[in-house]
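Residue-level structural notes
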Amino acid sequence: MIGNLGNRLQNIYANRRNYAATAQKIVGGGRKIISALGRANEFASKIGISNPQISGAVGAIQQYGSPALDFADSELARVGN
């Protein structure tokens with residue numbers, strides 16, 4: 001039983017680059033979503049649709065989400081090497 005767990009942990013450790021690369025792709029998708037939200041919010045404002053609560057939420061997502069994703073990406077890049 002212990003040997004089996006050890007083998008599993010070795011396999012996970014050996015595959016960490018693959019896991020990190022997959023996670024980086026997910027982080028990249030998150031960046032695209034945050035960017036799309038910002039563009040949609042700008043477009044809505046330009047055509048006269050304005051909601052301060054939505055604008056505030058999008059601004060908060062951009063303000064806090066982007067740096068969090070940047071940090072996650074840099075950590076995943078470090079793990080993947």
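About the cut-offs
- Residues numbered from 1 in each chain as written.
- Predicted model: local features only at pLDDT ≥ 70, side-chain atom pairs only at ≥ 80, totals over all residues.
- Heavy atoms only, no water.
- Helix = DSSP H or I, 4+ residues; strand = E, 2+ residues; numbered from the N terminus.
- Rg over C-alpha atoms; globule rule 2.2 N^0.38 Å.
- Buried < 20%, exposed > 50% of the residue type's maximum accessible area, 1.4 Å probe, protein only.
- Contact = heavy atoms within 4.5 Å.
- Areas by Shrake-Rupley, 256 points an atom, 1.4 Å probe, with all protein chains shown as cover.
- Lys, Arg positive; Asp, Glu negative; His and termini not counted.
- Charge placed at Lys NZ, Arg CZ, Asp CG, Glu CD.
- Expected span 1.5 Å × (residues − 1).

Scanning the protein for helices and strands turns up three helices and zero strands. In the protein, the order of α-helices and β-strands from amino to carboxyl end is α-α-α. A compact globule built from 81 residues would reach a C-alpha radius of gyration of about 12 Å, whereas the protein, at 19 Å, exceeds it by more than 25%. On the principal axes, the C-alpha backbone points of the protein span a range of 65 × 25 × 15 Å. Out of the 81 residues in the protein, the part that is buried amounts to 14%. Across the protein, the fraction of contacts at a sequence separation of at least 24, relative to all contacts at a separation of at least 6, is 81%. Of the roughly 6300 Å² of accessible surface on the protein, 61% is carried by carbon and sulfur atoms. Distance between charge centres in the protein, computed from 9 positive and 4 negative side chains, equals 10 Å.

Over its 31 residues, helix 2 (residues 16–46) extends 45 Å from the first C-alpha to the last, a length consistent with the 45 Å expected when each residue adds 1.5 Å. Taken together, the buried positions of helix 2 are occupied by Ala20, Val27, Ile34, Gly38, Asn41 and Ala44. Taken from the residues just after helix 2, Gly48 is the one with a positive phi, measuring 95°.

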